[in-house]
Amino acid sequence: MIYDTIILGAGASALMCAAHLPKNHKTLLVDTNEKIAKKIKISGGGRCNVTNKYVSCENYLGDKAFVQKVLQRFGNDELLEFIAQNGCDARLEKGRFYFCPKSSQQLIDIFAKLTKRHRFALRETVLEVKKKEEVFFVRTNKRTHKAHSVVVATGGASFKNLGASDIALEIARSFGLDYTPFRPALVGFTLQKEQFWFKELSGVSIDVVVTVEEKKLQGSMLFAHRGISGPVVLNSSLYWKKGVLEVDFLPQSNLIELMKNGKKRFISSVLPLPKRFSKAFLKHLDIEDKECKKVSKEELSMLYENFHSYRFAPAGNFGFSKAEVSAGGVKTQELSENFEVKKVKNLYFIGESVDVTGELGGYNFQWAFGSGKICAQFLINRGSFILD
Ligand SMILES: Cc1cc2nc3c(=O)[nH]c(=O)nc-3n(C[C@H](O)[C@H](O)[C@H](O)COP(=O)(O)OP(=O)(O)OC[C@H]3O[C@@H](n4cnc5c(N)ncnc54)[C@H](O)[C@@H]3O)c2cc1C
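Bear in mind that the values here come from a model prediction, so they are computed numbers and not experimental data.

S.K.: Could you clarify how one ought to interpret the pairing of strand β16 (residues 245–248) in this entry?
M.R.: In the case of a regular strand, side chains alternate between the two sheet surfaces. Alignment of strand β13 (residues 205–212) against β16, held across three bridges, turns out to be antiparallel. The residue bridging Thr211 from the neighbouring strand is Glu246, located in β16. Judged from the three bridges that link them, β16 and strand β17 (residues 310–312) form a sheet pairing that is antiparallel. Its bridge partner lying in β17, Val247 is registered against Tyr310.

Here's what the structure looks like:
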């Protein structure tokens, strides 16, 4: 039998696409896992951060004009409405993050119900896709499936234990498409020797501003055993190009003012930072923790420079096994606004397999779901066109 569409993957973007395809659109979803939606299941601490109140192309690394058009067609309002219509009212938390109220299983149940009409080939790993005349041949470790259209929704290379692979890029390469290799993103940094003093601070968390590649990001930095993590660090990893980061540990205050106002107090008690951190930093700078009035002019300028703009280059990151996403993917220039490959009719790439990556906070599901919906809409329109 020849399917109308085979969707490679049964993760976020695949399920959204399948959920919008009608029963008479012969659809097969192929996934290496034994269950659908494994990443949705563990996402957002088990409650899936579905989207964000403030979504714009500025929250994404990639082709901003392309992202903007996608968001205009399927933004956060449309996504929230879709899941609400299906019985899940996402809850707004911390003024901007939308989560499933109980658990991410709520979302998985919605997709399981909406895709019941389709066929699934689970525990099947896609090895290769070929096109002969107008038919696609999808070879898996078990058999070869045939279809008129193929949607590549196999995500990025992060979390291999959840089924991730770089098959999307292998397929892209086999069709001669341009892509950016996957790299770990939304991930913590490892440190060079000069910053090993951070390691003594494991467990400490500080609100900072990080400047990376001219992008300013605010949020908490968490000192961890292996390096640094926390939301602002994960977001920095998205934009980092192996260069220097600059950290303002006192973004809300001015160190000179603080010291002026606390002349008789010790430096570490004047700074609005965890004492453990201030003491370790002073030790690293080789400045004694003493009364502020005893600090020399040179020391003051050194303190100001370091607490407000500490510059260092991370050694690397924690790798694909810890990265929430993979940056990179098929270049948007290869795709139409409906995610069809311009030079290979009826072949589509959606979700994380495309070279667009969001920051932390629901932006990646917004992208995965939006691309899945738009692609499905186009498949339906084209399907009826073929049937005519
Ligand atoms: C721990 C964690 C937490 C996250 N939390 C959030 C969050 O709260 N909010 C947010 O916006 N984003 C979050 N993300 C990111 C988000 O999960 C992904 O960006 C999103 O799932 C991408 O959707 P996708 O459909 O492109 O890929 P996936 O959802 O990864 O789906 C790809 C599917 O393809 C299958 N596959 C891969 N290779 C093959 C192959 N060769 N053959 C057959 N099947 C294959 C995989 O098994 C998988 O099921 C999180 C990610 C992780 C790892």
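S.K.: How should I be thinking about the pattern of salt bridges in this particular structure?
M.R.: Between side chains of opposite charge, a pair can form as their charged atoms come close. Counting across every chain of the model gives 15 salt bridges. Here Glu128 makes a salt bridge to Lys130, at a shortest N to O gap of 3.9 Å. Given a relative accessible area of 28%, Glu128 falls into the partly exposed group.

S.K.: Teacher, can you tell me more about helix α11 (residues 297–308) here?
M.R.: For α11, spanning 12 residues, the distance from its first C-alpha to its last is 16 Å, which sits close to the expected 16 Å at 1.5 Å a residue. Regarding α11, the residues found buried are Glu299, Leu303, Asn306, Phe307 and His308.

S.K.: Even after reading the chapter, I still don't get the sheet that holds strand β18 (residues 316–317), so can you show me in this structure?
M.R.: Sheets are built from strands paired through backbone hydrogen bonds, the pairs being either parallel or antiparallel. The seven strands are arranged β17-β16-β13-β14-β15-β12-β18 in an open sheet whose pairing can be described as antiparallel. Every other strand in the sheet has two partners, leaving β17 and β18 as the edge strands with one partner each. Strands β12 (189–190), β13, β14 (215–223) and β15 (227–229) of the sheet are contacted by helix α7 (residues 231–239), whose axis makes an angle of about 130 degrees with β14. Against the sheet, α11 makes contact with β16 and β17, and its axis sits at roughly 110 degrees relative to β16, the strand it touches most.

S.K.: Help me out: how do you make sense of the domain arrangement of the chain in this one?
M.R.: Where interface size is quoted, it is often the accessible area lost as the parts come together. Under the domain assignment, the chain is made up of domain 1 (2–184 + 324–387) and domain 2 (189–317). The distance between the C-alpha centroids of domain 1 and domain 2 comes to 39 Å. The interface is formed by 10 residues belonging to domain 1 together with 10 residues belonging to domain 2. When domain 1 packs against domain 2, the two sides together hide about 760 Å² of surface, and 52% of this comes from carbon and sulfur. Counting across the domain 1 and domain 2 interface gives zero salt bridges. Counting across the interface, domain 1 meets domain 2 through five residue pairs in polar contact (both at pLDDT 80 or more). For the side of domain 1 that touches domain 2, the elements supplying multiple residues, two or more each, are β4 (60–61), β11 (179–185) and β21 (357–358). When its residues are assigned to classes, the side of domain 1 that touches domain 2 shows four nonpolar, three polar and three charged.

S.K.: I tried to follow the site of the ligand on my own but got confused; where do I start?
M.R.: In the vicinity of the ligand, 33 residues are found, and the nearest of them are Ser13, Asp31, Ser165, Glu352 and Phe365. In this structure, Ser13 approaches the ligand through a side-chain N or O atom, which is 2.6 Å from an oxygen atom. Phe365 places a polar main-chain atom, nitrogen or oxygen, 2.8 Å from an oxygen atom of the ligand. Compared with its free state, where it exposes 990 Å², the ligand has 95% of that area covered by protein. Mapped by element, the contributors of at least two residues to the shell around the ligand are α1 (12–19), α2 (38–46) and α12 (363–387).

S.K.: It is not clear to me how the environment of Asp109 should be interpreted in this structure. Could you clarify?
M.R.: In this fold, Asp109 is placed in helix α5 (residues 105–114). Along the chain, Asp109 and Ala37 lie 72 residues apart, while their C-alpha atoms are 10.0 Å from each other.

S.K.: Explain the nonpolar core here, please?
M.R.: Side chains of a nonpolar character, in soluble globular proteins, are inclined to be buried together. Formed by 74 residues in total, the largest nonpolar core has its most connected members in Ile40, Leu107, Phe349 and Phe369. A total of nine residues in this core trace back to one element, the largest contributor, which is α12. Residue contacts for Phe349: discarding those within four places in its chain leaves Val152, Ala168, Ile171, Ala172, Leu177, Val330, Leu335, Phe339, Val341 and Val354. By size, the runner-up hydrophobic cluster in this structure holds 46 residues, among which are Phe189, Phe223, Ile267 and Leu303.

Criteria and thresholds
Residues numbered from 1 in each chain as written. Predicted model: local features only at pLDDT ≥ 70, side-chain atom pairs only at ≥ 80, totals over all residues. Heavy atoms only, no water. Pairing = 2+ DSSP bridges. Helix = DSSP H or I, 4+ residues; strand = E, 2+ residues; numbered from the N terminus. Salt bridge = Lys/Arg side-chain N within 4 Å of Asp/Glu carboxyl O. Buried < 20%, exposed > 50% of the residue type's maximum accessible area, 1.4 Å probe, protein only. Expected span 1.5 Å × (residues − 1). Contact = heavy atoms within 4.5 Å. Axes fitted to C-alpha atoms, helices over the stretch in contact; angles between N-to-C directions. Domains from an automatic or database assignment. Buried area = accessible area lost by both parts, 1.4 Å probe. Polar contact = N/O pair within 3.5 Å; in protein donor to acceptor, adjacent residues only side chain to side chain. Nonpolar A, V, L, I, M, F, W, Y, C, P; charged D, E, K, R; others polar. Near = heavy atom within 4 Å. Areas by Shrake-Rupley, 256 points an atom, 1.4 Å probe, with all protein chains shown as cover. Core = buried A, V, L, I, M, F, W, Y, C linked by side-chain atoms within 4.5 Å.

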